[in-house]
Amino acid sequence: MGTFNLEIVTPTRILEAGDVSYVRCPGTDGSFGVMASHRDAVISLGVGEIKVTQGGKDIFFATSGGFAEITSEKVQLLVETVESAKDIDTSRAEASISRAKGRMTSKEDVDDTRAEAALQRAVNRLKVSKR
Amino acid sequence: MANLKDIRDRIKSVTSIQKVTKAMKMVAAAKMRRAQENMEQARPYSSRLSEIIQNLLPEVDRDLLPLLEVRDVNRVAFVVVTSDKGLAGSFNSSVLRKAHLEIDEIGKENVDVFCIGKKARDYFKTRGYNIVETHVDFWSDLNFNHAIKIGNGIVSHFLNGHVDEIRVVYNEFVNVATQMVLTEKLLPLEYEEGEGAVADRLYEPSKDEIVKSLVPRHLNVQMWKYLLESFASEQAARMVAMENATSNSEDMIKDLTLEFNKARQAAITTEMLEIVSGAEALN
């Protein structure tokens, strides 16, 4: 099976995943998989889980969205945040879930869409951490 | 002739000041290195994002997104990026001077100011400018969330139609010895007419959707870039200023020591003269 070069690029760091055989990304229109010699594309990513298959092993990451840029040389995931499953701080994720829920139910004038987005991100991180 | 004790006290105080400036130089150097690393890390992300936008922008309608709207410019917002602390040479004063000049060119009453850092806040507050937002006390634990927070405030100010253009005045980090004060237009987004999108490329869900989610991210990362550039420049400027201060105090200590020795010799000579003339008077 062919492999390709994968880079996960965020504003604060670059994660060189190296040669991988498969990556599954959370597209905004549903998740999609990329294998070697995919056609050139730019695909927008939402909150979700990235699965990378490298040397027969699966590695999981949580992301809050961004873009996948696929070219013949390599695949770059331009995402705002990325955390590998084993690095996720579950207690922090749980804390942000309860904080977001509190905001949404409180009577004060808060930005509901923002709280909802925060909730979605936290739930996703918690889910990925259990991988 | 200054008296011996005065000179000794001055040498002591200059020496302790020198210790402080030396320490500040070391701290600034360490912080600068970290800031430079952050800049390196941020570069690939921001350059890829700009490239995709540049490819796509000629192909989409500007009415698609309020952020892309080009209006007649009546009011302008200035984002002035300074530090919280001084002792960094002309780092703050040159940004403030440039911002001040450019604001006055447009007219104080047509300008809203976003102050980043205490120095900008103090400067524009005392002069009675329209300050919309101030962001202070975050430099010590600078992270990407600050960029998002500052960026959101600026973007919503533009979207609400308070201003028709946003400019950022900041220090660009060229190298350790040089920082350049720049003014950049953040909004409305402008791009040279490029060759357009790469042919035979798949855009999903659609070009329009991608531009919609790309532009806000692009602005965040631009803001992050401004903060990092400014932070690195601040540390570089402080490092150079403290280096100069240290070598100046070195010179002062040398001069004072010379003066001290001269005064000491003079005192001994006078004492000896007194003893000799006293002894002669007894004979």
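Summarised in this report is the structure supplied together with it. (Residues numbered from 1 in each chain as written. Chains lettered and ligands numbered in written order. Predicted model: local features only at pLDDT ≥ 70, side-chain atom pairs only at ≥ 80, totals over all residues.)

### Digging into the pairing of strand β6 (residues 48-54) of chain A
Residue and element names in this part refer to chain A.
Okay, step 1: Examined bridge by bridge, strand β3 (residues 22-25) and β6 share three bridges and lie antiparallel to one another. When the bridges of β6 are listed, Tyr-22 appears paired with Thr-53.
Okay, step 2: Judged from the seven bridges that link them, β6 and strand β7 (residues 57-63) form a sheet pairing that is antiparallel. Directly across from Gln-54, in β7, lies its bridge partner Lys-57.
Okay, step 3: A loop of two residues connects β6 with β7, the two strands running antiparallel in sequence, and Gly-55 in this loop sits at a positive phi of about 55°. (Pairing = 2+ DSSP bridges. Helix = DSSP H or I, 4+ residues; strand = E, 2+ residues; numbered from the N terminus.)

### Observations concerning the nonpolar core
Okay, step 1: Core analysis: the biggest nonpolar cluster contains 86 residues, and Leu77(A), Phe78(B), Val79(B), Val80(B), Val81(B) and Phe114(B) have the highest contact counts within it.
Okay, step 2: Counting residues per element, this core draws most heavily on helix α5 (residues 207-282) of chain B, at 18 residues.
Okay, step 3: Those residues in contact with Val79(B), other than ones at most four positions away along the chain, are Phe114(B), Ile116(B), Ile154(B), Ile166(B) and Val168(B). (Core = buried A, V, L, I, M, F, W, Y, C linked by C-beta atoms within 7 Å. Buried ≥ 20, exposed ≤ 12 C-beta atoms within 10 Å, placed from the backbone. Contact = placed C-beta atoms within 7 Å.)

### Points about the packing of helix α1 (residues 4-56) of chain B against α5(B)
Residues and elements named next belong to chain B.
Okay, step 1: The N-to-C vectors of α1 and α5 enclose an angle of 160°; their axes lie 5 Å apart at closest approach. Here α5 runs roughly antiparallel to α1, going by the angle between their axes. Once α1 is placed against α5, the crossing between them reads as left-handed.
Okay, step 2: Taken together, the residues of the contact of α1 with α5 break down into 35 nonpolar, 12 polar and 13 charged. (Axes fitted to C-alpha atoms, helices over the stretch in contact; angles between N-to-C directions. Parallel < 35°, antiparallel > 145°, perpendicular 65-115°, else oblique. Left-handed = near helix turned anticlockwise from the far one by under 90°. Nonpolar A, V, L, I, M, F, W, Y, C, P; charged D, E, K, R; others polar.)

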